[in-house]
Amino acid sequence: MKIYEFASAPNCRRVRMYLAEKGIEVEFSHVDIAKGENLSPEYRSKDINKKVPLLELDDGTYISESVAIQRYFEELHPEPALFGRDAKEKALVEMWNRRADFNLMFPIGMCFQHVSGFFKDRMNVYPEFGEDSGKRAIKFMGVLNDHFSDHEYLAGDYFSVADISMVCGLDFGKVQNLRPDAEKHPHLIRWREQLKQRPSFKV
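Since this is a predicted model, take the numbers as computed values, not measurements.

About the cut-offs
- Residues numbered from 1 in each chain as written.
- Predicted model: local features only at pLDDT ≥ 70, side-chain atom pairs only at ≥ 80, totals over all residues.
- Heavy atoms only, no water.
- Axes fitted to C-alpha atoms, helices over the stretch in contact; angles between N-to-C directions.
- Helix = DSSP H or I, 4+ residues; strand = E, 2+ residues; numbered from the N terminus.
- Left-handed = near helix turned anticlockwise from the far one by under 90°.
- Contact = heavy atoms within 4.5 Å.
- Nonpolar A, V, L, I, M, F, W, Y, C, P; charged D, E, K, R; others polar.
- Pairing = 2+ DSSP bridges.
- Parallel < 35°, antiparallel > 145°, perpendicular 65-115°, else oblique.
- Expected span 1.5 Å × (residues − 1).
- Buried < 20%, exposed > 50% of the residue type's maximum accessible area, 1.4 Å probe, protein only.
- Polar contact = N/O pair within 3.5 Å; in protein donor to acceptor, adjacent residues only side chain to side chain.
- Core = buried A, V, L, I, M, F, W, Y, C linked by side-chain atoms within 4.5 Å.

1. What to know about the packing of helix H1 (residues 10-22) against helix H6 (residues 161-172)
Then step 1. Contact pair H1 / H6: the axes reach a minimum separation of 9 Å and the direction vectors enclose 145°. Pair H1 / H6 crosses with right-handed handedness. On the side of H1, the interface is formed by Pro10, Arg13, Arg14, Met17, Tyr18 and Glu21, while H6 contributes Val161, Ile164, Ser165, Val167, Cys168, Asp171 and Phe172.
Then step 2. Residues that form the contact of H1 with H6 fall into these classes: 8 nonpolar, 1 polar and 4 charged.

Dropping the structure here:
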């Protein structure tokens, strides 16, 4: 099997960090999205959304979407459990994973797509929408800071795939200078510094 990816893309990093936490080694194949290699008819035949990452199984099956790829490997390698260890924890991890997508990764992605100019040759861009999306992401950092004032990780004292999703979204904000502030977000920064000590952070 192998994973098609653009290594610096945040969703690709999510999968890399997850695999590193599991100790799973997989072949990676570079897809240059900056050059539009993911827009080719050949790649589209693998993924209708033309996105990365994309997992190709040995039987020719293609699995796209970072969480779907993570869940595939979670079934094959359940330990250490990163999607929760009991019903309550699994629900909390799912909740925070969704919050990471909707409240951080998505608005930062919209800011990048509509403000940076990176996608101006392949989509209609609306800078005002992009700027508003960036403001939403910064506002959510305040919510996260409050949460981490009395939680070690997103799901209490349990490191999970939700923490991976959130930190990849948070770090993606750097492309548009959307960063936590040392004075306003000390607890959020503490959490990130804690994750920074994990070997998976550096993949």
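Now that the structure has been shown, the text picks up again.
2. Brief notes about the sheet that holds strand E3 (residues 54-56)
Then step 1. Spatially, 4 strands are ordered E2-E1-E3-E4 in an open sheet, and the strand pairing comes out mixed. With one partner strand each, in any of the chains shown, strand E2 (27-30) and strand E4 (62-64) form the two edges of the open sheet. Averaged over all adjacent pairs, the angle separating strand axes in this sheet is 25°, with direction ignored.
Then step 2. Relative to E4, E3 runs antiparallel, the two being bridged by 3 bridges. Residue pairing across strands places leucine 54 opposite serine 64, the latter belonging to E4.
Then step 3. Sheet strands touched by H1: strand E1 (2-5) and E2. Its angle to E1, the strand with the most contacts, is close to 145°.
Then step 4. Against the sheet, helix H3 (residues 66-76) engages E3 and E4, with an angle of about 120° to E4.

3. Overview of the packing of H1 against helix H4 (residues 87-115)
Then step 1. Following both chains from N to C, one finds H1 and H4 inclined at 155°, their axes separated by 13 Å at the closest point. Classified by the angle their axes make, H1 and H4 are roughly antiparallel. Here H1 runs over H4; the crossing is right-handed. Contacts between H1 and H4 involve Pro10, Asn11 and Arg14 from the former and Asn97, Asp101 and Met105 from the latter.

4. As for unusual backbone geometry
Then step 1. Between valine 52 and the following residue, proline 53, the backbone shows a cis peptide bond with an omega angle of 5°.
Then step 2. By the element assignment, proline 53 lies in the loop between helix H2 (41-44) and E3.
Then step 3. Of note in the backbone geometry, lysine 50 takes a positive phi value of approximately 60° without being a glycine.
Then step 4. One can find lysine 50 in the loop between H2 and E3.

5. Some details on H6
Then step 1. With 12 residues, H6 should cover 16 Å at 1.5 Å per step; its first-to-last C-alpha distance of 17 Å lies within 8% of that length.
Then step 2. Of all the positions in H6, only Val161, Ala162, Asp163, Ile164, Ser165, Met166, Val167, Cys168, Gly169, Leu170, Asp171 and Phe172 are classed as buried.
Then step 3. Elements in contact with the buried residues of H6: H1, H3, H4, helix H5 (127-148) and helix H7 (186-196).
Then step 4. Taking the backbone nitrogen of alanine 162 as reference, a side-chain oxygen 3.1 Å away marks serine 160 as the first, capping residue of H6.

6. Remarks on the nonpolar core
Then step 1. Ranked by size, the top nonpolar core spans 48 residues in total, and within it Tyr18, Leu19, Phe73, Leu104, Leu144, Met166 and Trp191 carry the most contacts.
Then step 2. Breaking this core down by element, the ones donating at least two residues are H1, H3, H4, H5, H6 and H7.
Then step 3. Apart from the residues lying within four places of it in its own chain, the contact partners of tryptophan 191 are Phe148, Glu152, Tyr153, Asp163, Met166, Val167 and Leu170.
Then step 4. Counting 9 residues, the second largest nonpolar core, distinct from the first, contains Ala9, Cys12, Val31 and Tyr43.

7. What about the environment of valine 125?
Then step 1. Positionally, valine 125 belongs in the loop between H4 and H5.
Then step 2. Note: C-alpha distance between valine 125 and leucine 82 (43 residues apart in sequence) is 36 Å.
Then step 3. Not counting chain neighbours up to four residues away, the residues in contact with valine 125 comprise Gln113, His114, Phe119 and Lys120.

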